[in-house]
Amino acid sequence: MFKKILIANRGEIACRVIRACRDMNIKSVAVYSDADRDALHVRMADVAYFIGAPPSSESYLRGEKIIEAVKKSGAEAIHPGYGFLSENADFVRLAAKENIVFIGPAPEAMEAMGGKISARKIAIEADVPVVPGTTEPLETYEEAQRIALEIGYPIMLKASAGGGGKGMRFVETAEDLKSAYETARGEALASFNNDEVYVEKAVVRPRHIEIQIFADKHGNYVHLGERECSIQRRHQKVVEECPSPINSKELRRAMGESAIKVARAVDYVGAGTVEFLVSDETREFYFLEMNTRLQVEHPVTELVTGIDLVREQIRVAYGEKLSFTQEEIKWENHAIECRVYAEDPENNFLPSPGKITRLRVPQGGGVRDDGGVYEGAEVSIYYDPMISKLAVFGKTREEAIDRLRRALREYEVGGIKTTLPFFREIVEDSEFISGNLDTGFIGRFTERKKAREVDEAARDLAVIAAVLANAGERKTVSNESDKTQQTASRWALAGRAAAHQNRM
Ligand code: MV4
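Since the model is a prediction, treat every value here as computed from it, not as a measurement. (Residues numbered from 1 in each chain as written. Predicted model: local features only at pLDDT ≥ 70, side-chain atom pairs only at ≥ 80, totals over all residues. Heavy atoms only, no water.)

1. Comments concerning the site of the ligand
The test is simple: It suffices for a single heavy atom of a residue to lie within 4 Å of a molecule or strand for the residue to be listed as near it. Nitrogen and oxygen atoms within 3.5 Å of one another constitute a polar contact, given that in protein one can donate a hydrogen and the other can accept it, and given that sequence-neighbouring residues count only through two side-chain atoms. Under the convention used here, a 1.4 Å probe and the Shrake-Rupley method define accessible areas, while residue burial counts only the protein chains that appear. Going along the chain from the N terminus, every DSSP run of H or I of four or more residues is numbered as a helix, and every run of E of two or more is numbered as a strand. Nonpolar residues are Ala, Val, Leu, Ile, Met, Phe, Trp, Tyr, Cys and Pro. Charged residues are Asp, Glu, Lys and Arg, and all others, Gly as well, are polar. An automatic or database domain assignment supplies the residue ranges for each domain.
Taken together, 15 residues form the shell around the ligand, and within it Lys158, Glu200, Lys201, Val203 and Thr439 come nearest. Val203 places a polar main-chain atom, nitrogen or oxygen, 2.9 Å from a nitrogen atom of the ligand. A distance of 3.1 Å separates a nitrogen atom of the ligand from a polar atom in the side chain of His235. Here the ligand loses 87% of its free accessible area of 520 Å² to cover by the protein chains. If you list the elements that add at least two residues to the shell around the ligand, you get β6 (155-159), β8 (197-201) and β9 (206-215). Its residues assigned to classes, the shell around the ligand comprises eight nonpolar, four polar and three charged. Split by domain, the residues of the shell around the ligand number at least three in each of domain 2 (132-201) and domain 3 (206-445).

2. Things to note about the domain arrangement of the protein
In plain terms, the rule: Residue contacts are counted whenever heavy atoms from the two residues lie within 4.5 Å of one another. When two parts are brought into contact, each loses some accessible area as probed by a 1.4 Å sphere; the total of that loss over both is the buried area.
Each assigned domain of the protein is listed here: domain 1 (4-103), domain 2 (132-201), domain 3 (206-445) and domain 4 (449-503). For domain 2 versus domain 3, the separation of C-alpha centres amounts to 29 Å. The partner domain 3 presents four residues to the six residues of domain 2 that form the contact. Both faces combined, the contact of domain 2 with domain 3 buries some 320 Å², and carbon together with sulfur accounts for 62% of it. Counting across the domain 2 and domain 3 interface gives zero residue pairs in polar contact (both at pLDDT 80 or more).

3. Quick word on the sheet that holds strand β7 (residues 169-171)
Our working rule: DSSP bridges decide pairing: two strands pair if at least two such bridges lie between them. Lines fitted to C-alpha atoms define the axes here, with helix axes fitted over just the stretch in contact, and angles between the N-to-C directions of these axes take values from 0 to 180 degrees.
One open sheet holds the three strands; their spatial order is β7-β6-β8, and the pairing between them is antiparallel. The open sheet has two free edges, formed respectively by β7 and β8, since each of these has just one partner strand. Shown here is a sheet whose adjacent strand axes are inclined to one another by a mean of 25°, direction ignored. The pairing of β6 with β8 spans five bridges and is classified as antiparallel.

4. Points about unusual backbone geometry
Looking along the chain, the bond that leaves Tyr153 and enters Pro154 is cis, with omega of 0°. Locating Pro154 in the fold gives a position in the loop between α7 (141-151) and β6. Put simply, Cys242 and Pro243 share a cis peptide bond, and its omega is -5°. Residue placement: Pro243 occurs in the loop between β11 (236-242) and α9 (249-265). Positioned with a positive phi, Asp267 is a non-glycine residue whose angle comes to about 50°. Within the element layout of this structure, Asp267 appears in the loop between α9 and β12 (270-279).

5. Notes on the environment of Arg406
This is how the line gets drawn: For the exposure calls, accessible area comes from a 1.4 Å probe over protein chains only, and a residue counts as buried if that area is under 20% of its type's maximum, exposed if over 50%, partly exposed in between.
Take Arg406: it is sitting in helix α12 (residues 397-410). Judged by relative accessible area, Arg406 falls into the partly exposed class, the value being 27%. Along the chain, Arg406 and Glu302 lie 104 residues apart, while their C-alpha atoms are 21 Å from each other. Excluding residues within four positions of it along the chain, Arg406 makes contact with Gln363, Gly364, Gly365 and Val367.

6. Regarding the UniProt feature "domain: ATP-grasp" (unreviewed entry) in the protein
Put simply, the test is: UniProt positions are given in the numbering used here, feature names are shortened, and annotations may be inferred rather than shown by experiment.
As recorded in UniProt, the sites labelled "domain: ATP-grasp" (unreviewed entry) are residues 120-318. With 34% helix and 30% strand, residues 120-318 has end C-alpha atoms that lie 31 Å from one another.

7. Details of the nonpolar core
The condition that has to hold: Among buried residues, the Ala, Val, Leu, Ile, Met, Phe, Trp, Tyr and Cys ones that are joined through side-chain atoms within 4.5 Å form a nonpolar core.
Grouped together as the largest cluster of nonpolar side chains are 73 residues, with contacts concentrated most on Ile314 and Phe432. Broken down by element, this core gets its largest block of residues, seven residues, from helix α1 (residues 11-23). Lining this core are residues from two domains, each supplying at least three of them: domain 1 (4-103) and domain 3 (206-445). With 29 residues, the next largest nonpolar core counts Ala112, Ala119, Ile260 and Tyr268 among its residues.

Next up, the structure:
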């Protein structure tokens, strides 16, 4: 086995990988920027190398700096985590030139799945269902018009290089096409330096369900089931679970087989995720894209299958065969994960950097917290403000939700704002509890929350009005006007205080 691995990442995922290394008696090497001198991953690793200034472009994205650290440290392999260089084919080639093992797929597989149009073509050739639409970039607006009419509105315009919803437009009718086409292309060019867009038929109320796959260098392919990731805010996942509330044996097997077909088509090696849209009405599924990395939400799959995905990544990269067969994979229990961010849910989820003055992490049965910070640590403005992933499991989805409520109640973070209060509301939401999850969930949830707050404010006002009116009446019947007025204003104050408390 490898003796030393460099982790080309930071935050919780660097800590997660360091833990796997330690479990396997492999030495870990961290890299860090100026902003991360005191970061948890640096403290946890066996050794750490400084790689540059705080902006990612001057540190965690500098391939040559990281290769230099690998050579100095004597590490044999690089674990890229997610984000940063994890899907950068040129970086994989740079490592290969220096005889360093990249823990992930070959650069060709990465490139084949890098563009959405290219990925769609591969899926179609592999006989995997895709959403009806084009397999070439649109040349002109007129072409978009013709195709949209052919497949029927509503449609989606998507940037081939897209991600995070950039360059993506939902188009309801033909009237909206022209401006949507132009803004999608403009946004794609500005964001990805590539203005290729294509058309897909819009799936109504889709669910986002993805399949975890794994392959070794000996041609063995397995799938580890699905993750439901339909709860997203601005195209960022916030809650993920396994199994999907709409899981059935048949759907899992069909989606799993399709995912493996896509992976085989590019000779995939390692951990990968194949994303699908699933129609909530018909349960039909359509290939969306493949992510050629370990995903943020991998813990829910680990909790349900009992497989350590990072350990398996390391074994496979070393050349070992998968440690399990498809038949040996069993799905037990139900797991749910919340991404805890240093963001203010009361202020449009604005990042809330700063010093963590207090940290109490939930513990006990069925709880796993993958964190990247400690009490006293700083949350920097330079990177993604996710501070931890709180994952729980229970025998059933209901039990998992109860566990999640308990864990969220135990969780305390001081000094910065976090998304914990937002999750405490989600776990009480009737649609969430019933598993009625689709891509419109957060929108509807936010509307319900607003309506509730308006209701509460109206009720508080009614209480205050009633108290004041009552005081006014008493004033007219009695003649102790001074005393009554004092009583009335005290009641009004109490009313306002109660109203205020209600909203906390
Ligand atoms: C779609 C879609 C409906 N129809 N594609 C793709 C990337 C993801 N970030 C948003 N995507 C969507 N693609 C077709 N043909 C609806 C969405 C979508 C969505 C998907 C999953 C989770 C949340 C979402 C929120 C808005 C739109």
